[in-house]
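# Descriptive structure summary
So you can see what is in the structure, the chains are spelled out below.
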Amino acid sequence: MFSSLSLGSLLFTALIVYQYSLASCNATFALSLGIGKQPTKQRLKKALDPTKHRHWALVNNNGFCGISHSQRIIGGVDAGIGKYPWIVRLAFQIPTNQGDRTILKCAGSIITKKYVVTANHCFTPYDKLSFVRAGEYDERTDPDCEQSNPDDCAPEFIDYRVQKVINHKDYKEGVSFVNDITLVKIKGQFEFNEYIMPICLEYGSLLGKNYIGSNVEVAGWGIFDIVKEEVHPVLQRVTIPVINSEVCRKRMEKATYVEPSKQICAGGVIGKDSCGGDSGGPLMSAQVTDGRPPRDFLIGVVSFGLKECGKTDMPAVYTRVYAYLSWILDNIDK
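These lines cover the structure that appears in this document, whether it is placed above or below. (Residues numbered from 1 in each chain as written. Predicted model: local features only at pLDDT ≥ 70, side-chain atom pairs only at ≥ 80, totals over all residues. Heavy atoms only, no water.)

Applying the stated rule across the entire model yields 11 salt bridges. One salt bridge connects glutamate 136 with arginine 89, and the closest N-O pair in it is separated by 2.9 Å. Here glutamate 136, found in the loop between strand 7 (128-134) and strand 8 (145-146), pairs with arginine 89, found in strand 4 (residues 87-94); they are 47 residues apart in sequence, far enough to count as distant. Grouping residues by exposure puts glutamate 136 and arginine 89 together as buried. Among the salt bridges present, the one from aspartate 170 reaches lysine 169, with a minimum N-O distance of 3.3 Å. (Salt bridge = Lys/Arg side-chain N within 4 Å of Asp/Glu carboxyl O. Helix = DSSP H or I, 4+ residues; strand = E, 2+ residues; numbered from the N terminus. Buried < 20%, exposed > 50% of the residue type's maximum accessible area, 1.4 Å probe, protein only.)

Rendered as structure tokens:
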């Protein structure tokens, strides 16, 4: 049923990149070509030790981050309640002929008690971010309960109003998808529990890690039927491999510019990909650090991919979070 899992954002044809909006479905051309260098761990690691930053204590929740509370789903596509407690949905007010309406059109990842990381391209001059929804799994039910045990339920989801949006100033819409990253600060604080929790940001031995060939995960409510453009009501997940950025850049060079030091490519497996529906959602890797059990780390943010996602061996492209750690830490506060 879920033959072409799609979670994330945005769409381009074989030669032309389209920036996708669930509100207007308008297309913007991105035809910038370029050449980038494959980042090395030594060069990346030299650039930053995030644990020395004055705001590092605000992230990773004293080590209680990236912890999944669902181990029930092994081979299926449903993520399981509590599997990704850091994933949130962004609700926008969209102007229509019948007046403003609210739609859930992008995703994001909780990184502190007040901040979410998402994609810059989610934001347009025509719609306004209204609230951030945390703790949702199945949009058809509230609260969400295990099918095998109806008495085993998560708390109801929580909608948090938005205090401010911080878009990366160097993102150039219609030119390329480099710097496709945004921070959202909520009013108040997230109420952390088993179903609402931050994901970890990379540090230590993970700084500049080469994930090429590693399997990583994408999750969201993205389009699961690319023909009908139907969004799945239940949080979905897919495991995909990380692709060499230079190979990815060469494949994409007729369509758009890929900067290997700031973007990471993953997918290229027929039947599994990320596309329209959950722009800004997380690309995740489970890693062991400091002798702790595996925790999920945010290594990428869903940026763009093929319109015919999952039907070719072309990968999707994600904003490389490591490249923006300094920017993230500089722009968050208590």
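This part covers the state of the cysteines. The full count for this structure, using the stated rule, is 4 disulfides. Between the sulfur atoms of cysteine 106 and its disulfide mate cysteine 122 the distance is 2.2 Å. On the S-S bond that ties cysteine 106 to cysteine 122, the torsion sits near -105 degrees, and the link is left-handed. Here cysteine 122 lies in the loop between strand 6 (115-118) and strand 7 and cysteine 106 lies in strand 5 (residues 101-110), a separation of 16 residues in the sequence. Residue cysteine 106 shares its accessibility class with cysteine 122, and that shared class is buried. Between the sulfur atoms of cysteine 145 and its disulfide partner cysteine 153 the distance amounts to 1.9 Å. (Disulfide = S-S within 2.5 Å.)

It is worth spelling out the environment of aspartate 170 at this point. With respect to the secondary-structure elements, aspartate 170 resides in the loop between strand 10 (158-167) and strand 11 (182-186). For the pair aspartate 170 and aspartate 180, spaced 10 residues apart in the sequence, the C-alpha separation amounts to 8.7 Å. Not counting the four nearest positions on each side in its chain, aspartate 170 is found in contact with Val178 and Asn179. (Contact = heavy atoms within 4.5 Å.)

What follows covers the side chain of glutamine 263. Locating glutamine 263 in the fold gives a position in strand 16 (residues 263-267). For glutamine 263, the side chain forms a polar contact with the main-chain nitrogen of glutamate 259, separated by 2.7 Å. Glutamine 263 has contacts with Phe177, Val178, Ser245, Tyr257, Val258, Phe304, Val317, Tyr318 and Arg320, leaving out every residue within four places of it along the chain. (Polar contact = N/O pair within 3.5 Å; in protein donor to acceptor, adjacent residues only side chain to side chain.)

Looking now at unusual backbone geometry. Cis geometry is adopted by the peptide bond preceding proline 143, which originates at aspartate 142 and carries an omega value of 10 degrees. Following the sequence through the fold, proline 143 ends up in the loop between strand 7 and strand 8. In this structure, asparagine 62 takes a positive phi of about 55 degrees despite not being glycine. Its location among the elements puts asparagine 62 in the loop between helix 1 (41-47) and strand 4. Backbone geometry at asparagine 179 places phi at a positive 70 degrees, although glycine is not the residue there. Along the chain, asparagine 179 turns up in the loop between strand 10 and strand 11. A relative accessible area of 7% places asparagine 179 in the buried class.

Let us now look at the pairing of strand 10. One ladder, built from 4 bridges, connects strand 7 with strand 10; its direction is antiparallel. Across the sheet, residue alanine 134 finds its bridge partner in strand 10, namely isoleucine 158. (Pairing = 2+ DSSP bridges.)

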